Amino acid sequence: MENLVKLYHDWEIQMLVLLSFAIQIFLFFTGGLRVRSINTLLRLSIWIAYLGADMIAVYALGYLSQHKDATIGRDTIRAIQPLAFFWSPFLLIHLGGQDTITAFAMEDNNLWLRHLLNLVVQVVLTLYVFWKSIGRHSVELLVSGIFVFVAGIIKYGERIWSLKCGSFKSLESSTGDHCKHHFPELIDGDAGYSNTVCTGLRSMLDVLNFFAGRTLFVGSSVRFGREGLGTWLPNQVLKVLGIELGMMYDDLYTKALVLRTRSGIILRCISQISALVAFILFLSGNKHSYSRADIAITYSLFVGGFFLEVCALFIFMMSPWTWAWLKARKYDRLSRFSWFLFSSGLIGWPEKRPLWSNSMGQYNLRGWFEGSDQPKSCGQRVMNMARKLATSIGVEKEKIFWLSKLLDTEYVKVDKEMECLAEAAGCFVREPYEFQRTREWPNLDPLLRYAQVFYIADFGFAIVFMHLVTELHLSKYPCSDVEADVAADIEVLVEVCRKLSRYMMHLLISLPSLLPLNASAVATLDRWQADMSENDIMTELKELEPQPGKEALEEIKEVWVRLIIYAAAKSQPEMHAAQLGRGGEALTFVWLQLAHYNCGDFGFSRIELTRDRSKHSIFYVLQLKEVVMEGTGFPG
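Residues numbered from 1 in each chain as written. Predicted model: local features only at pLDDT ≥ 70, side-chain atom pairs only at ≥ 80, totals over all residues. Heavy atoms only, no water.

Participant: Would you mind going over the state of the cysteines with me for this structure?
Facilitator: A covalent bond between the sulfur atoms of two cysteines is referred to as a disulfide. What the rule picks out here adds up to zero disulfides. Free of any disulfide, Cys-420 has its nearest cysteine sulfur in Cys-497, 8.6 Å distant. The exposure class assigned to Cys-420 is buried, which follows from its relative accessible area of 14%. When its relative accessible area of 0% is taken as the criterion, Cys-497 is described as buried. (Disulfide = S-S within 2.5 Å. Buried < 20%, exposed > 50% of the residue type's maximum accessible area, 1.4 Å probe, protein only.)

Participant: When you look at the packing of aromatic side chains in this model, what are you seeing that I'm missing?
Facilitator: A ring pair, where both rings are aromatic, is described by two values, the distance of the centres and the angle of the planes. As enumerated under the stated definition, the model contains 30 aromatic pairs in all. Pairing Tyr-50 with Phe-104 gives two aromatic rings, centres 6.3 Å apart and planes at 35 degrees, and the pair type is tilted. Here Phe-104 lies in the loop between helix H4 (88-95) and helix H5 (106-110) and Tyr-50 lies in helix H3 (residues 40-66), a separation of 54 residues in the sequence. On the basis of relative accessible area, Tyr-50 is assigned to the buried category, the value being 7%. Take Phe-104: its relative accessible area is 13%, and that puts it in the buried class. Ring centres 4.8 Å apart and planes at 45 degrees place the aromatic pair Trp-356 and Phe-589 in the tilted group. In this pair, Trp-356 is assigned in the loop between helix H16 (332-343) and strand S1 (359-362) and Phe-589 in helix H29 (residues 586-596), connecting sequence segments 233 residues apart. Each of the two residues, Trp-356 as well as Phe-589, counts as buried. Taking the ring centre of Phe-104 as reference, the NZ or CZ of Arg-34 above it sits at 4.9 Å. Across from the ring centre of Trp-112, 5.6 Å away, lies the NZ or CZ of Lys-164, which sits over that ring. (Phe/Tyr/Trp six-rings, centres within 6.5 Å; stacked < 30°, edge-to-face > 60°. Helix = DSSP H or I, 4+ residues; strand = E, 2+ residues; numbered from the N terminus. Lys NZ or Arg CZ within 6 Å of the ring centre and 35° of its normal.)

Participant: Got a minute to help me understand the pattern of salt bridges in this structure?
Facilitator: Opposite charge on two side chains lets them pair, provided their charged atoms get close. Going through the model one piece at a time under the given rule, you end up with 14 salt bridges. For Arg-268, the salt bridge goes to Glu-158, with nearest N and O atoms at 2.7 Å. Placement of the pair is Arg-268 in helix H13 (residues 262-284) and Glu-158 in helix H7 (residues 139-166), with a sequence separation of 110 residues. In this structure Glu-158 comes out as buried when scored by relative accessible area, which is 1%. Put simply, Asp-99, Lys-155, Glu-158, Lys-255, Arg-268 and Glu-309 are held in one network by salt bridges that share partners. (Salt bridge = Lys/Arg side-chain N within 4 Å of Asp/Glu carboxyl O.)

Below, the structure is given as structure tokens:
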């Protein structure tokens, strides 16, 4: 055991440096995956690596500044000097992070001043380590270290610059000059992918304004608005929105925004030239007095760093902005190469692959209330066992609800549902007066009148009530007495209704900040449980629910679509910016689509489900009055 401890102490700094570099490689190749994935294990790994990268690099620098054996010591038996002092500027490069991930969450961007202070501290530590080593090493090695030090300061500075640009205050004060570029002209009538990409790029100034919470007035350049409603299909709309959100993600969570500026490109060139000069000097220097292991580690840091820079160049060339910039300036060969990388299925943004996770969170509250939902995933099976164990030992069911939010939530792929929402948002703008007209609900009217008895005027209560109604009604399908063609339509409608219902419950349970709630989600659920214990609500719902059929499902689907449109228009831009780093949300797509049409908070006055327009009308959500108001802007 003592030998192991001694071995660890002898090789501690070497292991720390190699571990720091290994984490940087991991972050580079996985940092961009989270925008398309909701895999919990992947996200957890990236989060641990993101936090651990800084801690390990800072600890290693502190170790070098405190331990003389790592900087000025000597193995008297083998006459070997330590080379560890030379690794301190490499740790600065590691602290500068990778191009594919500068922030894990919006909170990291808002703390950019803390990173600036950390830069000053770590630069001082690095200089102190070098100062202790002056006179003990060759001039070539010291000069090489200085060039690496320059590269490290630039890399760390790039990260802080990116964090500052991604902070919400910078977003609010940004003029959007980086979005004002000359892009290729659109080809009329061309529905190709290149036209879609250009449309998304041309609207980025508006997208920036939407995320900054600024209002667009009449005459502002909304490039994706009513003019194109007749030509855009729902899947094309979603692809344009995906391009815009992908670009916004890059601006907020990566170094893309910095590298699209002239200053950023110049600094990157200086850092790469400095690293190359440092490597040449290191090769030409006398290294006989250093151990082979230390020299091998130094070579690994140099070569590995060059490898990551080459990969970063490919990532930069893969950007749609780079392709459009090259194409607009007639660099045909480079633009074709950039488009090849961009549209490739391996690393790019191909047309057929969604540019986000393409999934919706699902939570079945009825299954929690009644314990009737059949466990499907491993997490749900664990939750089922925990529920039974809690019941057997007398623990109240409500005490473990927090665990249910984690384990009972599942994610499902959505295609038809997203097209349904995109089409509904388009209709919402094309035919605004149809939404102002009082909607008839022949199948749901008894249920809605019953709901008024419980004074359900809160949006959270609306979601819970409609969720229970939907789950109860869908349990009657499939129907055996319908024709084959109708049965196919019913099957699709059942799936759409179930996913939309459980998605809104997932938002209420896990992401209530995205919804316009009058009370907290916990208070809403507590009141519902109290009402269910005092009143036989489920029995009443079973008596009042409509007969199974296509018309009833169409009404349920439309209710959920309008609820989602209302929630999206009332949501705040900073909440959607935060969700971009978590795989994206379907609600964000609806919000951005409405924003392009200048529809938002001021575009809604009140929404009802019944003809009764009294103060206590259910929900606030189904008749949209004055849905498009020129000049009121988005968001409110």
